[in-house]
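Observations on chain architecture
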Amino acid sequence: MYKKTSELWNMVFKEACEYDPYETIKIPEIEEAIDWLTNEIDSVIDFGCGHGKVIGRCLTKGVSNTCGIDISDVAIEAADKIINKYFPEARAEFICGSIEKLNDIKDKSADGAVIFNVLDSLLPGDSLSLLKNLH
């Protein structure tokens, strides 16, 4: 259903370069949001994780268990490679797919969720389903 979306993000992440997850994100509001999100929690799910930059920032702030889901297999491969390079002991899982992949995740297995730049890319019904599922 999201074939063109997947193809677009594969092209975007094909050009993406490796990053250092210890380097702060240049948008202060995003860094502040990550600080807020990671305050006293252990696990985060990032739906639309891309190449895992937000997950990397969460790991640097003490989150011990992360799950990233993205429709782009190129992004998932990059995220897995980068996060495993910098955090080989972390419990970081990356899943390629869309909204249906949330059904494979155990209820209440994450303390927080990230959904940057995602809702506007989904069909309205899928956006509602995503929000309900993450809640």
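Residues numbered from 1 in each chain as written. Predicted model: local features only at pLDDT ≥ 70, side-chain atom pairs only at ≥ 80, totals over all residues. Heavy atoms only, no water.

Tallying each qualifying case throughout the model produces six salt bridges. For glutamate 23, the salt bridge is made with lysine 26, and the minimal N-O distance between the two is 3.5 Å. Overall, glutamate 23 belongs to the partly exposed group, its relative accessible area being 44%. Several salt bridges converge on common partners, so that one network encompasses Glu31, Asp35, Arg57 and Lys61. (Salt bridge = Lys/Arg side-chain N within 4 Å of Asp/Glu carboxyl O. Buried < 20%, exposed > 50% of the residue type's maximum accessible area, 1.4 Å probe, protein only.)

This brings us to the packing of helix 1 (residues 3-14) against helix 4 (residues 73-86). Two elements in contact, helix 1 and helix 4, have axes separated by 7 Å at closest approach and are oriented at 40°. As summarised for this structure, helix 1 and helix 4 are arranged oblique, according to the angle between their axes. Between helix 1 and helix 4, the contacting residues are Asn10, Phe13 and Lys14 on the first element and Asp73, Val74 and Ala75 on the second. Of the residues assigned to the contact of helix 1 with helix 4, the class counts are three nonpolar, one polar and two charged. (Axes fitted to C-alpha atoms, helices over the stretch in contact; angles between N-to-C directions. Helix = DSSP H or I, 4+ residues; strand = E, 2+ residues; numbered from the N terminus. Parallel < 35°, antiparallel > 145°, perpendicular 65-115°, else oblique. Contact = heavy atoms within 4.5 Å. Nonpolar A, V, L, I, M, F, W, Y, C, P; charged D, E, K, R; others polar.)

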